[in-house]
Amino acid sequence: MTAEVLPPPAVTPERTTLAAGETVALTVTVTWTTNWVIGTPGWVWVKDSASSPDPVVVQGCGQTTSWSYRVYGSGHAEVRGIVAEGHIPLTGVGPHIQVTPPQFKVTAAPASIAGAQAVTFTAAVTPSTVTWSLSSWTWRPDSGTGGISPNGCTPAEKVCTRTISLSGWMKATTVIGQYTLTDSAHVRVIPCPTGDSIADLQETRAALSDALQASNVSGPNFQGRIERAGMLLRNLQTGGVEVVRFDNLYADWCASNDDIAYNSGTHRLLAIFHTHPYSPKAGDIVPYCNKLEIDPNTGFLRPVQPPAIVPFGNVGAGGSDPDWNLLNALNQQLLAVGQPAVDEYVIDLDNIMRLNHGQQPAYTSIGYNACPNWLR
Ligand SMILES: [Zn+2]
């Protein structure tokens, strides 16, 4: 006598990883006979955790061989009560399906305004195939009350446009299964917004202003003025913006050094910046610069000893070749580790020049002097 081991029914999901609130379609097949039916109880979703919310049946009823669930927690599907050849009881057990939390994002556009203006807030869930609804919107001005009209946003609006007249935060909340997700977007009312999300940060303006002042810009001769440089970081834990200056490194009236080192696990680089402590519009000429070399011990620039100086000429507008070389080398390193490229901001007495990453020699000139309160 021989016994044949018959394969069990196959329960096959279209995929085994999805976000809470997404729908998964499954089919059940029996390969060794066409004579089979699904009895009771039929399709069953087995949750990993009893406390996770029950799935919702989207498609399927009775003895259908395909079935769809909208799921909110990890688990697997089973088809119980199958009867083959009129008398052989079978159960099909599907593979484990991993359910992850969806991503929730709130954005504001425009994020910087000069005064009372319409701002559109958008709440979105990724992946977009998740079924979800908004629980709430909450507007909180940075100080005082009000600042939104004619009324607050309502949960019926995933895209909400209101007139905003104060700086503040708009927060939204959604509940998807066991996940309560919140995100917020900041709107700032500032003089002369540039539309550049980095340049429009209060911290960026203060950092550029402070660096220019620290350059001794009103010094009567250029040798008394010192380029100041630094970087802007986003603290990923607090959400705040932090400024690091490189004042301890070599700098003179026409060159500065950089030490762009930070913990990429806790901080994200937003931008680098330095000053040009003179006025191109006034025709300022920096007559000579120190000739620089790399210090083999530190890797940083230092003046050649004995002092050697080279003509520099009219400083003009836009970054120097070393400015562009630094930015391009930095962005190659960032892109190699999957981080977004950054811009470099150069402030002189007339303008802020944004050296646009990857677009040498394109730069955007921001005429902050035409807007007296730009740096406030
Ligand atoms: Zn420069």
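Conventions used here
- Residues numbered from 1 in each chain as written.
- Predicted model: local features only at pLDDT ≥ 70, side-chain atom pairs only at ≥ 80, totals over all residues.
- Pairing = 2+ DSSP bridges.
- Helix = DSSP H or I, 4+ residues; strand = E, 2+ residues; numbered from the N terminus.
- Axes fitted to C-alpha atoms, helices over the stretch in contact; angles between N-to-C directions.
- Buried ≥ 20, exposed ≤ 12 C-beta atoms within 10 Å, placed from the backbone.
- Domains from an automatic or database assignment.

1. Some points on the sheet that holds strand β3 (residues 23-29)
Within a sheet, adjacent strands bond to each other through the backbone by hydrogen bonds, running parallel or antiparallel.
Part 1: Taken in spatial order, the four strands of this open sheet run β1-β3-β6-β5, and their pairing is antiparallel. The open sheet has two free edges, formed respectively by β1 (10-13) and β5 (56-59), since each of these has just one partner strand. Direction aside, the axes of adjacent strands within the sheet are offset by 30 degrees on average.
Part 2: Strand direction decides the pairing type here: β3 and strand β6 (residues 66-70), joined by five bridges, are antiparallel. Looking at the pairing, Thr27 lines up with Ser66 of β6.

2. Regarding the sheet that holds strand β13 (residues 134-141)
Part 1: Strand order in the open sheet formed by four strands is β11-β17-β16-β13, with mixed pairing between adjacent strands. Strands at the two margins of the open sheet, each flanked by one partner only, are β11 (112-113) and β13.
Part 2: Pairing analysis gives nine bridges linking strand β16 (residues 168-176) to strand β17 (residues 179-189), with the strands arranged antiparallel. Within the sheet, the bridge partner assigned to Thr173 lies in β17 and is Thr182.

3. Describing the pairing of β6
Part 1: Burial of the side chains of β6 is restricted to one face: Trp67 and Tyr69 are buried, whereas none of Ser66, Ser68 and Arg70 on the reverse face is.
Part 2: Where β5 and β6 come together, three bridges link them in antiparallel fashion. If you follow Gln59 over to β6, its bridge partner there is Ser68.
Part 3: Once β5 ends, the chain turns through six residues before running back antiparallel as β6, passing Gly60 with a positive phi of about 125 degrees.

4. Concerning the domain arrangement of the chain
Part 1: Split by domain assignment, the chain resolves into domain 1 (10-100), domain 2 (103-189) and domain 3 (202-370).
Part 2: Centre-to-centre, using C-alpha coordinates, domain 2 lies 35 Å away from domain 3.

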